[in-house]
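Residue-level listing of the chains:
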Amino acid sequence: MTKAINNYQNEDGYLKVAQQALNEYNSLNSQLSDLIKQRDSLDDQINSLQMQINTLEDQ
């Protein structure tokens, strides 16, 4: 009985650690997604500015 309880406690501990790792992974993945969106937005701004520069140079 004690062995069964110990096994359950160990398994519960592993599950908690696995859940924490999964939560951290999901959080980091979300942050990465946000950073990619920011990068894409900055790329769009750079392209827009470059087009404005080109237009001004052509005048």
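Here, the structure is the one placed above.
About the cut-offs
- Residues numbered from 1 in each chain as written.
- Predicted model: local features only at pLDDT ≥ 70, side-chain atom pairs only at ≥ 80, totals over all residues.
- Heavy atoms only, no water.
- Helix = DSSP H or I, 4+ residues; strand = E, 2+ residues; numbered from the N terminus.
- Buried < 20%, exposed > 50% of the residue type's maximum accessible area, 1.4 Å probe, protein only.
- Areas by Shrake-Rupley, 256 points an atom, 1.4 Å probe, with all protein chains shown as cover.
- Salt bridge = Lys/Arg side-chain N within 4 Å of Asp/Glu carboxyl O.

**Student:** Honestly, the overall build of the protein in this entry has me stumped. Any pointers?
**Tutor:** Looking only at helices and strands, the protein features 1 helix and 0 strands. Put simply, the protein has 59 residues, and 0% of those count as buried. As displayed, the protein has an accessible area near 5,600 Å², and 55% of this comes from carbon and sulfur atoms.

**Student:** Would you take a moment to explain the pattern of salt bridges for this structure?
**Tutor:** For side chains bearing opposite charge, pairing can occur when the charged atoms are close. Counted under the stated rule, the structure contains 2 salt bridges. Across the salt bridge formed by K16 and D12, the nearest N and O atoms sit 3.5 Å from each other. Of this pair, K16 and D12 both sit in helix α1 (residues 2–58), 4 residues apart, roughly one helical turn. Here K16 falls in the exposed class, since its relative accessible area comes to 52%.

By themselves these figures say nothing about function.
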